Amino acid sequence: MNRFSATAAVLLVTLALSACSFAGKRPEIPLDIIASGAMAETSPLRYWGDDPEFAAGHTRVKPGSDGRIDFLTLSGGGINGAYGAGYLMGWTRTGTRPEFEVVTGISVGAIIAPLAFLGTSQDGRLMEVYRSLTTATNPKTNFLAALLGSSSILDNAPIRAAIEKAVDQEILDLIAKAHREGRRLYVGSTNLDAQRPVVWDIGAIANSNDNNRLELVRSVILASAAVPTVFPPVLIEVASGGQRYSELHVDGGVTEQVLLMPGGWGKVGGSGNAWLYVIFNGVVDASAATVQPSGMALIGRSVPTLLKYLGRANLAELANSARTSGVQYRMTAIPGDFPESDGIFGSPEWLSRLYDFGFAHGNAEYWREKIQ
């Protein structure tokens, strides 16, 4: 069973078990409050990920010292994040990796994003985070817990540990400083109550007076990587109209595989010297295989196909909006012929091969012009 069919099988069984659960319910939240999402009271700390008004914030970015505006977008992809980590490290080796004015991340890309945002000086810490994730390749599943009402079959402790390595108070202070200088760091999650994507301005949170800003940033990144039914969702406390309540957030990849920058590129594209680099931690090429006509095999093939084409559509939308606005577009992804992992979470050996492959691509500055 390859990594895609194994993942689909886990999700299928988990959903079946969840249907039998008798978990305690959350308090009902008025639908008008869910729809508003407490956005007016938290702005500019976050935005709806499908709201064109988001453009008003990210188009005010100033060019860097090189006169360019460089964007980096890091996709989700779970264990495939080894490719993105390797690519960044290889790109550093060339000496041409730019300092990015804007970095966005979703899911595993959200874990990597803060360190990519702060630049090559944080490559050592990025390697520590990567290594901490590779040590969690054999987690214990607990289907019984799901049967009894748990929201997931896996504990997210390894993910939380990696996030704590990625973002501590020192890193948060550096992010706040970069934010004051005009650079931007965004992370995407999915508000499952509202059924909409949310973009969190991590720099604005880091630069705020909130005493709990470090914990909030970590919670947002944890939510961004919370694959539904696999890892627990994250409840984030908010306030609207004087009423406090909790929103249920899950993996940003549920709504979009890459942060799509709603509202276009405005003045950024008009600068004539803006570049968007996308590191897609996944395979977007069609991969031929013989599929057996059994229920599990069909689901194991169909689910990853659905996710693959969602990713392709997101990349096409992002590329078209960038090019229409005059933003130069570069994308890299794992080729379809790269050997698949034998398990859902990979093995240390397989992850090392994928990291090395990403490093070689980054060192060669390998970018793709189209999806096949």
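What comes next concerns the included structure. Computed from a prediction, not measured in an experiment: that's the story for all the values here. (Residues numbered from 1 in each chain as written. Predicted model: local features only at pLDDT ≥ 70, side-chain atom pairs only at ≥ 80, totals over all residues. Heavy atoms only, no water.)

**Points about the overall build of the protein chain**
Heads up, the rule is: Helical segments are the DSSP runs of H or I of at least four residues, strand segments are the runs of E of at least two, and each set is numbered from the N terminus. Each residue gets one of three labels from its accessible area relative to the maximum for its type: buried under 20%, exposed over 50%, partly exposed in between, using a 1.4 Å probe on protein chains only. Throughout, a contact is declared for two residues whenever any of their heavy atoms are within 4.5 Å.
Each helix and strand in the protein chain was counted, giving 15 helices and nine strands. The 372 residues of the protein chain split such that 53% are buried. Considering only contacts within the protein chain whose residues lie at least 6 apart along the sequence, 80% involve residues at least 24 apart.

**Comments concerning the pairing of strand β2 (residues 69-74)**
Both faces of the sheet carry side chains from a regular strand, because those side chains alternate between them. Stated precisely, the cut-off is as follows: A pair of strands is labelled paired if DSSP reports no fewer than 2 bridges between them.
Counting buried positions along β2 gives six out of six residues, so the element sits mostly inside the fold. Side chains of β2 alternate between two faces, with Ile69, Phe71 and Thr73 and Asp70, Leu72 and Leu74 buried alike. Two elements, β2 and strand β8 (residues 274-283), share six bridges in a ladder whose sense is parallel. Each residue of the ladder has a partner; that of threonine 73, found in β8, is valine 278. Here four bridges tie β2 to strand β3 (residues 102-106), and the two strands are oriented parallel to one another. Across the sheet, the residue bridging to leucine 72 is valine 103, located in β3.

**Observations concerning the pattern of salt bridges**
Condition: The salt bridge criterion pairs a side-chain nitrogen of Lys or Arg with a carboxyl oxygen of Asp or Glu, the two atoms within 4 Å.
Per the stated rule, a full pass over the model turns up 10 salt bridges. The partner of glutamate 247 in a salt bridge is arginine 46, with the nearest N and O atoms 2.8 Å apart. You can see glutamate 247 sitting in strand β7 (residues 243-251) and its partner arginine 46 sitting in strand β1 (residues 46-48), a full 201 residues away along the chain. Neither residue differs from the other here; glutamate 247 and arginine 46 are each classed as buried. Taking the shortest distance from any N to any O, the salt bridge between arginine 125 and aspartate 168 comes out at 2.9 Å. Of the two residues, arginine 125 is situated in helix α7 (residues 123-134) and aspartate 168 in the loop between α9 (157-166) and α10 (169-180); the sequence distance between them amounts to 43 residues. The class of arginine 125 is buried, set by a relative accessible area of 16%.

**Brief notes about the packing of aromatic side chains**
To be explicit about the condition: Working definition: rings of Phe, Tyr and Trp (its six-membered ring) pair if their centres are within 6.5 Å, and the pair is stacked with planes under 30 degrees apart, edge-to-face with planes over 60 apart, and tilted otherwise. Cation placement over rings: the criterion is NZ of Lys or CZ of Arg within 6 Å of the ring centroid and within 35° of the ring normal.
In the structure shown here, the tally under the stated rule is 14 aromatic pairs. Each ring, one from tyrosine 130 and one from tyrosine 355, has its centre 4.7 Å from the other, and the planes form 25 degrees; the classification is stacked. Of the two residues, tyrosine 130 sits in helix α7 while tyrosine 355 sits in helix α15 (residues 348-363), which places them 225 residues apart along the sequence. Note on tyrosine 277 and tryptophan 367: the rings are 5.2 Å apart at their centroids and 45 degrees apart in plane angle, and the pair reads as tilted. Remark: tryptophan 367 occurs in the segment after α15 and tyrosine 277 occurs in strand β8; sequence separation between them is 90 residues. Residue classification places tryptophan 367 among the buried positions, given a relative accessible area of 16%. Through a chain of ring-to-ring contacts, three or more aromatic side chains come together here, namely Tyr83, Tyr87, Trp91, Phe100, Trp275, Tyr277, Phe338, Trp350, Phe357 and Trp367. The side chain of arginine 183 reaches across the aromatic face of phenylalanine 117, ending 4.3 Å from its centre.

**Considerations on the packing of helix α6 (residues 108-118) against α7**
Two quantities define a packed helix pair, namely the angle between the axes and the distance from one axis to the other. Spelled out, the test is: Axis lines are fitted through C-alpha atoms, for helices just across the contact stretch, and the angle between N-to-C directions can take any value from 0 to 180 degrees. For classification, angles of less than 35 degrees are called roughly parallel, those exceeding 145 degrees roughly antiparallel, those between 65 and 115 degrees roughly perpendicular, and all remaining angles oblique. Crossing handedness is defined as follows: a turn of the near helix away from the far one that is anticlockwise and smaller than a right angle gives a left-handed crossing, while the clockwise case is right-handed. Under the scheme applied, nonpolar residues are Ala, Val, Leu, Ile, Met, Phe, Trp, Tyr, Cys and Pro; charged residues are Asp, Glu, Lys and Arg; polar residues are all the others, including Gly.
Where α6 meets α7, the axes come as close as 9 Å, and the angle between the chain directions of the two elements is 165 degrees. The orientation of α6 relative to α7 falls into the category roughly antiparallel. Note on packing geometry: the crossing formed by α6 with α7 is right-handed. Judged by residue contacts, Ile111, Ile112 and Leu115 of α6 engage Arg125, Leu126 and Val129 from α7. A per-class count over the contact of α6 with α7 returns five nonpolar, no polar and one charged.

**Thoughts on α6**
With 11 of its 11 residues buried, α6 lies for the most part within the structure. Among the residues trailing α6, glycine 119 stands out with phi positive, at a value near 100 degrees.

**Remarks on helix α5 (residues 81-94)**
This is how it is decided: The span you would expect from a helix comes to 1.5 Å times its residue count less one.
Its 14 residues give α5 an end-to-end C-alpha distance of 21 Å, which sits within 8% of 20 Å, the value for a rise of 1.5 Å per residue. Along α5, 11 of the 14 residues are buried, which leaves the element largely enclosed by surrounding structure. Of all the residues in α5, the buried ones are Gly81, Ala82, Tyr83, Gly84, Ala85, Gly86, Tyr87, Leu88, Met89, Gly90 and Trp91. Where α5 is buried, its residues touch β2, α6, α7, β8, β9 (328-334) and α15.

So, to be careful, I would describe these as geometric facts and stop short of saying anything about function.
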